[in-house]
Amino acid sequence: MITPEIPRTYTIRTLGCQMNVHDSERMAGLLEEAGLVHVSKVPEYASRATEAGDEGADVVVLNTCSVRENAATRLYGNLGQLAKVKRERPGMQIAVGGCFAQQMGHRILEKAPWVDAIFGTHNIDVLPVLLERARHNEEAAVELEESLKTFPSTLPTKRESVYAGWVSISVGCNNTCTFCIVPHLRGKERDRRPGDILAEVAAVVDQGAIEVTLLGQNVNSYGVSFGDRGAFAKLLRQVGQVPGLERVRFTSPHPAAFTSDVIHAMAETPTVMPSLHMPLQSGSDQVLRQMRRSYRRKKFLGILDEVREYLPEAAITTDIIVGFPGETDEDFEQTLEVVERARFSSAFTFLYSPRPGTPAADREDQVPEAVKHERYQRLVELQERISTEENKAQEGKLVEVLIASGEGRKDGQTSRISGRAKDNRLVHVALPESYQGLVRPGDMVTARVTYGAPHHLVADSALTSGEFTHRTTRAGDAWQARQEADREAQSNAVGLGLPTLKVRGS
Ligand code: SF4
């Protein structure tokens, strides 16, 4: 039988944090370098997608997380579904990487012996080799490293978005928060040299990005490994001056290491955006001590006051854990008090759940589930009220929005486009009739906010002949060019090469 040879396809499912999202971009880069193509480019295969999340691919990589709740249950559930798909898809391979893989290693095979490759957070680079080895030896290939061998940013990267990019400035963390498994899995903090970071930012900008987010477990302790405490503020200023870059963001800073020089750098560098994500975790000093987080509520609120003094437009977001072991009603009331004072524009709230391998998991004074849930509900209600008030206060303001793809699920029905304002708020913008189909992800639009909802803003000024401007950007051009290249790759993938005598899977 004669069939055109179709390249091997892959998909990556990312669970967990931004660090994992960025690692997935590197995995994609490595797989593409090894000759695989993303399954979305081969409609013939994409159409065999199942509910297991395989998307129809030959290689499914699960980039796992240990930090989020029920990581193990979710992963094994998903692997169970994928096993069925694999039985019916000759040549299919499943790889598991990320924090959970780093933690569990070979033990994953005890529950899911059909997995082909397991690799950790320190050796993403081995993924293509492991897949090949597993295929050749017809048995699972497992490789884990105790520490980082190659700084991940030197690996090829297939960036998910062309208009905005992530750039790692450090990996690992020197703190020992008692609820967190990250230091154990990602190791001690390692900082990249400023020159390397600037070169990568320039390269990302060169490829079309106008926004860059500097990424690290603990960005503001950047410099600790080469003895420069002011390194992060300096880096912000330098990155902010890269020609062509319009927006610089960073995540996440740690309150204990947050210093005024960073606030000054933010205020004095116009391209550094007025938004800050700073994890509070708890508003009780007693709980913070138990969490081994070395700042106190007073210091945290002091930082917020200083940020607002220098950057009055800043939107501040946070993470909060409810029900840490030993948390009393009084402790929780103190968290509510700090939240009331802090006026976060939004907060990621988590119910504490013990992570095996962390000190807090072994404590006997775990808070009963019912109590945790009741507190969680109260916190969510309070934050919803504040988020709504803060977003309502935006009504009437003119916002500049960097249009993104995939941010507005209902855009099709509402004829709006969506993206992020400078302060990182999600904004849905109405398009004037004459602009329909013209505004691309990566372009900028300016419109007036007409409605503030708890989790987004609506800027419909164009509907009443109010303000609306559209600025085409290099990033929009780059997005368009990638669309065209993807379309071309799709048609090439389907009709690739001359017909051969190879029959897949036989
Ligand atoms: S600062 Fe704490 S919570 Fe953040 S990665 Fe380090 S140990 Fe984990």
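Just so it is clear, the model here is predicted, and its values are computed rather than measured. (Residues numbered from 1 in each chain as written. Predicted model: local features only at pLDDT ≥ 70, side-chain atom pairs only at ≥ 80, totals over all residues.)

With that settled, the discussion passes to the pairing of strand β17 (residues 426-430). With respect to burial, β17 is a largely interior element, four of its five residues being buried. Where strand β16 (residues 416-420) lies against β17, five bridges are found, and the strand directions are antiparallel. Following the sheet pairing, R420 is matched in β17 by L426. Between the antiparallel neighbours β16 and β17 lie five residues, among them N424 with a positive phi of about 75°. Where β17 meets strand β20 (residues 457-459), three bridges bridge the pair, whose relative direction is parallel. Its bridge partner lying in β20, V429 is registered against A459. (Buried ≥ 20, exposed ≤ 12 C-beta atoms within 10 Å, placed from the backbone. Helix = DSSP H or I, 4+ residues; strand = E, 2+ residues; numbered from the N terminus. Pairing = 2+ DSSP bridges.)

Another point: the site of the ligand. Around the ligand, a shell composed of C173, N175, C177, C180, V182, P183, Q217, N218 and H254 is seen. Looking at the shell around the ligand, its residues break down into five nonpolar, four polar and no charged. (Near = placed C-beta within 6 Å. Nonpolar A, V, L, I, M, F, W, Y, C, P; charged D, E, K, R; others polar.)

Turning next to the domain arrangement of the protein. Partitioning the protein into domains gives domain 1 (9-149), domain 2 (152-391) and domain 3 (398-474). Averaged C-alpha coordinates put domain 1 and domain 2 at centres separated by 28 Å. Between domain 1 and domain 2, the contact holds 23 residues from the first and 22 residues from the second. Taken together, the elements giving at least two residues each to the side of domain 1 that touches domain 2 come down to α1 (18-33) and α4 (99-104). Of all the elements, α1 adds the most residues to the side of domain 1 that touches domain 2, at eleven residues. Across the side of domain 1 that touches domain 2, the residue classes break down as seven nonpolar, nine polar and seven charged. (Domains from an automatic or database assignment. Contact = placed C-beta atoms within 7 Å.)

Among the residues of helix α6 (residues 127-137), those classed as buried are L127, P128, L130, L131 and A134. One face of α6 carries all of its buried residues, which in axial projection span an arc of 165°. Facing away from the buried side of α6 by more than 90 degrees, the exposed set consists of H136 and N137. Looking at the buried side of α6, the elements it contacts are α1, β3 (59-64), β4 (93-98), β5 (117-119) and β6 (141-143). Positive phi appears at E138, one or two residues downstream of α6, with a value of about 55°. (Arc of directions from axis to C-beta.)

With respect to burial, strand β10 (residues 211-215) is a largely interior element, four of its five residues being buried. Bridging between strand β7 (residues 164-168) and β10 involves five bridges; their strand directions are parallel. If you follow A164 over to β10, its bridge partner there is E211. As paired elements, β10 and strand β11 (residues 247-251) share five bridges and run parallel to each other.

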